[in-house]
Amino acid sequence: AKFAPDTDTLQLKRSMLQIYPKLVTMYRKTSCWSDKHQTFGVSLHNVQAFLQRGRLFDRHMQSDHLPSMAFASHVVERRFQEEIKVFSEHYLIRYQFIETFLRVAEAKL
């Protein structure tokens with residue numbers, strides 16, 4: 001993973017498969033559509049509200065760290081830029097949404 005280079009990618013994928021359906025369900029319930037951004041996406045506000053309701057903010061994961069985690073999930077390595085078919089500058093699309101939650105999980109370890 002780009003944010004955890006020492007992590008065994010196969011192990012991470014196996015762990016993610018167990019909760020992936022729940023993450024996609026969360027994404028679908030919190031995403032929105034707009035003519036302005038032409039894609040489904042989740043606002044940072046919705047992610048923050050979700051984390052607050054789940055009482056996930058603490059000394060390891062503070063609410064003011066969330067914007068930088070979400071911003072980091074927008075970064076695409078040059079070698080993958082042509083593979084990205086959907087992109088939104090203002091909202092988290094599915095892979096960015098999931099990456100943001102992985103960053104939150106890593107912060108809470």
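One can find the structure itself at the top, above this paragraph.
About the criteria used
Residues numbered from 1 in each chain as written. Predicted model: local features only at pLDDT ≥ 70, side-chain atom pairs only at ≥ 80, totals over all residues. Heavy atoms only, no water. Axes fitted to C-alpha atoms, helices over the stretch in contact; angles between N-to-C directions. Helix = DSSP H or I, 4+ residues; strand = E, 2+ residues; numbered from the N terminus. Parallel < 35°, antiparallel > 145°, perpendicular 65-115°, else oblique. Left-handed = near helix turned anticlockwise from the far one by under 90°. Contact = heavy atoms within 4.5 Å. Nonpolar A, V, L, I, M, F, W, Y, C, P; charged D, E, K, R; others polar.

1. Comments concerning the packing of helix H2 (residues 44-53) against helix H3 (residues 66-73)
Reasoning step 1: It is the contact of H2 with H3, at a shortest axis distance of 11 Å, that shows an interaxial angle of 130°. It follows from the interaxial angle that H2 and H3 lie oblique. For the element pair H2 and H3, the recorded crossing hand is right-handed. Contact residues: Leu44, Val47, Gln48 and Leu51 in H2; Leu66, Pro67 and Ala70 in H3.
Reasoning step 2: Class assignment of the residues belonging to the contact of H2 with H3 gives a composition of six nonpolar, one polar and no charged.

2. Quick notes on the environment of Lys108
Reasoning step 1: Within the secondary structure, Lys108 is located in helix H4 (residues 94-108).
Reasoning step 2: Along the sequence, Lys108 and Asp58 sit 50 residues apart, while their C-alpha atoms lie 8.4 Å from each other.
Reasoning step 3: With near-sequence residues (within four places) excluded, Lys108 lies in contact with Leu56, Asp58, His60 and Met61.

Nothing here speaks to function; it is all geometry.
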